[in-house]
Amino acid sequence: MSEVSNNTRRSSRKKERMKKIAITGLIISVISIIATIIVIINCTSYKEELREQGIAEFNSGNYEKAEQLLQESIDEKQWFSKSMDIDSKVYIAESTLKRGDYAKALTLYNELLNSNEYSNKEFLKDRIEFADAMDTFINQKDYSSAAAKLEKLIEKGDSSLNIYLGACYANNGDGDKMQAAFDNYINDYGMNTYVASQLASYYVGIGDDAKASEYIQQGVYSGDDKYMYLLEYNKAVILERQKNYAEAYKIISELHLAYPDNIDFEKEYDFLNSRVNIDETPVNAGEEKHGWDEDE
């Protein structure tokens, strides 16, 4: 009887142990499942998809859309994505630079450099120098300081910046240095409508219409049409000086219609309109019609 009782107790204890093991295993399984779900939730999101879309827009030149998508990617919370977010921030800074918001780009590059998050510090420093030079040129309009900064970058090997250096000298009225900078650019990269328009504008400004006309022609045949409207404007000014008002008015009318907010085009249009559409009605015609008399 005693032996049966002992066997019963041992069996009961065994069952209890098995029950505890089963419960412990169940708890561990539940915890594992919950942990897996948490990891999946925090390691998957639309982050990568948004980033890929942003990079595609960047490569297509749609910079504002690229910045929007890349920022949305950064805002998506996901574990182990720090390096991805840092790279997205660099894309945003590059996009901002490419669309000409140099002040903002300068801020973004400095933030990246100061955070020590991006490993290629030399790249960031170069971009900061370029953004600073362009901000000085475009926004601050300090052409002497901008020229000095651009010259330093050109000395480092980026001869493409001669295009902006030439524009700085043009705005400062330094024709010799302007010509040298643009000649260096043309030798390396060829003529385009921006360079042609800058040179034409300068020579129109100093009254050398023949030289200006040469550069207008070179711009027209450069195969680039981005700044063709500026070449057309300079052509209209030259025609006006030659008193060919009708042809000048035809050109400026089209420009004024296409760019109604351009102050220079508006002024030239108003002037040429007064030359072409002259009101030949006598000044005192109204007085004669109404029988006005100065003595009345």
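The structure reproduced in this document is the subject of the present report. (Residues numbered from 1 in each chain as written. Predicted model: local features only at pLDDT ≥ 70, side-chain atom pairs only at ≥ 80, totals over all residues. Heavy atoms only, no water.)

1. Quick look at unusual backbone geometry
- The phi dihedral of Lys141 is positive, around 55°, even though this residue is not glycine.
- The residue Lys141 is located in the loop between α6 (121–138) and α7 (143–155) in this model.
- Not every positive phi belongs to a glycine, and Lys243 is a case in point at roughly 65°.
- For Lys243, the position within the fold is in the loop between α12 (228–241) and α13 (245–258). (Helix = DSSP H or I, 4+ residues; strand = E, 2+ residues; numbered from the N terminus.)

2. Considerations on the packing of aromatic side chains
- Summed over all chains, the structure comprises 16 aromatic pairs.
- Here the aromatic rings of Phe137 and Tyr143 are separated by 5.9 Å at their centres, their planes lie at 65°, and the arrangement is edge-to-face.
- By relative accessible area, which is 16% here, Tyr143 ends up buried.
- Ring-pair connections join several aromatic residues into one group, and the members of that group are Tyr194, Tyr227, Tyr229, Tyr233, Tyr259 and Phe265. (Phe/Tyr/Trp six-rings, centres within 6.5 Å; stacked < 30°, edge-to-face > 60°. Buried < 20%, exposed > 50% of the residue type's maximum accessible area, 1.4 Å probe, protein only.)

3. A look at the pattern of salt bridges
- All told, the structure shown has 11 salt bridges when counted by the stated rule.
- Measuring nitrogen to oxygen at the nearest pair gives 3.6 Å for the salt bridge that ties Lys89 to Glu117. Of the two residues, Lys89 sits in helix α4 (residues 82–98) while Glu117 sits in the loop between α5 (102–115) and α6, which places them 28 residues apart along the sequence.
- Its relative accessible area of 31% is what places Glu117 among the partly exposed residues.
- Beyond isolated ion pairs, a larger network of salt bridges with shared partners links Glu67, Arg99 and Asp101. (Salt bridge = Lys/Arg side-chain N within 4 Å of Asp/Glu carboxyl O.)

4. Quick word on the environment of Leu153
- Along the polypeptide, Leu153 turns up in helix α7.
- Along the backbone, Leu153 and Glu129 are 24 residues apart, and their C-alpha atoms lie at a distance of 7.8 Å.
- With residues up to four places along the chain from it excluded, the contact list for Leu153 reads Glu129, Phe130, Ala133, Asp158 and Leu161. (Contact = heavy atoms within 4.5 Å.)

5. Digging into the packing of α4 against α5
- Packing of α4 against α5 leaves a shortest axis separation of 8 Å and a crossing angle of 155°. As judged from the angle between their axes, α4 and α5 are roughly antiparallel. Judged by the sense of rotation from one axis to the other, the crossing of α4 with α5 is left-handed. Taking contact as the criterion, the partners of Ile86, Lys89, Val90, Ile92, Ala93, Glu94, Thr96 and Leu97 in α4 are, on α5, Tyr102, Lys104, Ala105, Leu108, Tyr109 and Leu112.
- Counted by class, the contact of α4 with α5 contains 10 nonpolar, 1 polar and 3 charged residues. (Axes fitted to C-alpha atoms, helices over the stretch in contact; angles between N-to-C directions. Parallel < 35°, antiparallel > 145°, perpendicular 65-115°, else oblique. Left-handed = near helix turned anticlockwise from the far one by under 90°. Nonpolar A, V, L, I, M, F, W, Y, C, P; charged D, E, K, R; others polar.)

6. Comments concerning helix α10 (residues 193–205)
- Given a rise of 1.5 Å per residue, 13 residues ought to cover 18 Å, and the 18 Å separating the end C-alpha atoms of α10 matches this to within 8%.
- By the criterion of burial, α10 is predominantly enclosed, with 11 of the 13 residues buried.
- Looking at α10, one finds that the buried residues are Thr193, Tyr194, Val195, Ala196, Ser197, Gln198, Leu199, Ala200, Tyr202, Tyr203 and Val204.
- The N-capping residue of α10, defined by a side-chain oxygen 3.0 Å from the backbone nitrogen of Tyr194, is Asn192.
- At the exit of α10 stands Gly207, carrying a positive phi of roughly 85°. (Expected span 1.5 Å × (residues − 1). Polar contact = N/O pair within 3.5 Å; in protein donor to acceptor, adjacent residues only side chain to side chain.)

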